[in-house]
Amino acid sequence: MFFGITDLWTYVIGAFLIILMPGPNSLLVLATAARDGVRKGYRAAAGVFVGDTVLMVLSAAGVASLLKSHPLLFAIVKYAGAVYLGWIGLQMLRAAWRAWRAPKTEVAAGPAEEPGQAIAAADGRNGDPFRRALLISLLNPKAILFFVSFFIQFVDPSYSSPALSFLILGAILQFFSISYLSVLIFGGTFLATQFRRRRKLSAGMTSTVGALFLGFGAKLATASLA
């Protein structure tokens with residue numbers, strides 16, 4: 001046992017696989033990097049990092065119990081998050097349709113709107129990627145319940161300092177998260193070059209990402225406390 005953590009390596013493998021699962025925040029980081037480059041991509045990644053850290057702290061502080069005992073509070077946060085994700089998705093589909101139907105003369109004048117540009121349009125043209133990522137994280141009450149249910153499996157209830165166990169588990173998860181997001185950021189800058197050269201590829205990618213955001217919103221809207 002390591003600082004009250006049982007089956008540490010099982011947790012490490014599980015945390016690694018969980019981080020690899022696609023989600024709205026990782027997609028946001030990728031699209032932001034594709035639009036605005038590495039620096040803005042890391043601003044979005046910082047929003048993910050801060051948001052997830054806040055959720056982990058809230059989980060350890062017992063907010064999960066509050067959400068379970070107040071279904072109305074859970075529903076308010078859940079539907080707010082679903083609407084925000086759906087709004088982003090619709091804006092991206094709109095942008096893809098405009099880019100696809102744009103006359104060739106208009107395309108020659110400038111590149112087609114990329115996924116990151118459509119995301120920015122959903123939150124103001126000069127929206128801060130840090131704020132967008134932070135909002136997506138915090139408007140997901142299901143994540144708090146997930147952190148509790150996942151972490152608790154690896155914490156020895158008899159350990160005298162369970163907060164330290166939660167801290168270590170959270171640090172491991174965040175290490176994997178920032179490593180994975182870094183890969184997405186540098187991959188996004190490569191995709192940006194391809195998007196600028198191919199209008200239909202850009203429109204197709206934007207519509208795909210928009211549909212995924214709509215799916216994320218629908219999934220969150222139908223999430224339950226169970």
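Being a predicted model, the structure only gives us computed values, none of them experimental. (Residues numbered from 1 in each chain as written. Predicted model: local features only at pLDDT ≥ 70, side-chain atom pairs only at ≥ 80, totals over all residues. Heavy atoms only, no water.)

(A) Examining the nonpolar core more closely. Counting residues in hydrophobic clusters, the biggest one holds 38 residues, and the most contacted among them are Y11, V29, F147, F151, L169 and L173. Going through the elements one at a time, α1 (8-20), α2 (24-36), α3 (38-60), α5 (71-101), α8 (129-138), α9 (141-151) and α10 (162-197) are the ones with two or more residues in this core. Top contributing element to this core by residue count: α10, with nine residues. Among all residues touching Y11, those that are not within four sequence positions of it are F150, F151, F154, L169, G170, I172 and L173. (Core = buried A, V, L, I, M, F, W, Y, C linked by side-chain atoms within 4.5 Å. Buried < 20%, exposed > 50% of the residue type's maximum accessible area, 1.4 Å probe, protein only. Helix = DSSP H or I, 4+ residues; strand = E, 2+ residues; numbered from the N terminus. Contact = heavy atoms within 4.5 Å.)

(B) Looking closely at a nonpolar patch on the surface. Together, F49, V50, V54, L58 and L138 give the surface a local cluster of nonpolar side chains, amounting to about 330 Å² of exposed area. With four residues, the top contributor of residues to the nonpolar patch is α3. Judged by its relative accessible area of 33%, V54 is partly exposed. (Patch = residues over 30% accessible without salt bridge, like charges linked within 9 Å, V, L, I, M, F, W, Y side chains within 5 Å. Areas by Shrake-Rupley, 256 points an atom, 1.4 Å probe, with all protein chains shown as cover. Salt bridge = Lys/Arg side-chain N within 4 Å of Asp/Glu carboxyl O.)

(C) Structural context of α3. A rise of 1.5 Å per residue sets the reference length of α3, with its 23 residues, at 33 Å; its end C-alpha atoms lie 33 Å apart and thus fit the reference within 8%. Considered for burial, the residues of α3 that qualify are G41, A44, A45, G47, V48, G51, D52, L55, M56 and S59. (Expected span 1.5 Å × (residues − 1).)

(D) Examining the UniProt feature "transmembrane region" (unreviewed entry) in the chain more closely. If you check UniProt for "transmembrane region" (unreviewed entry), the listed places come out as residues 12-33, 45-66, 72-90, 133-154, 166-191 and 203-221 in our numbering. Helix makes up 86% of residues 12-33 and strand 0%, whereas the separation of the span's terminal C-alpha atoms amounts to 28 Å. End C-alpha to end C-alpha, residues 72-90 measures 27 Å, and it is 100% helix and 0% strand. (UniProt positions renumbered as here; feature names shortened; annotations may be inferred.)

(E) Highlighting the pattern of salt bridges. For the structure on display, the rule yields one salt bridge. Among the ionic pairs, R43 bridges to D128, the shortest N-O distance being 2.9 Å. With R43 in helix α3 and D128 in the loop between α7 (115-122) and α8, this pair connects stretches of sequence that are 85 residues apart. Since its relative accessible area comes to 26%, D128 is described here as partly exposed.

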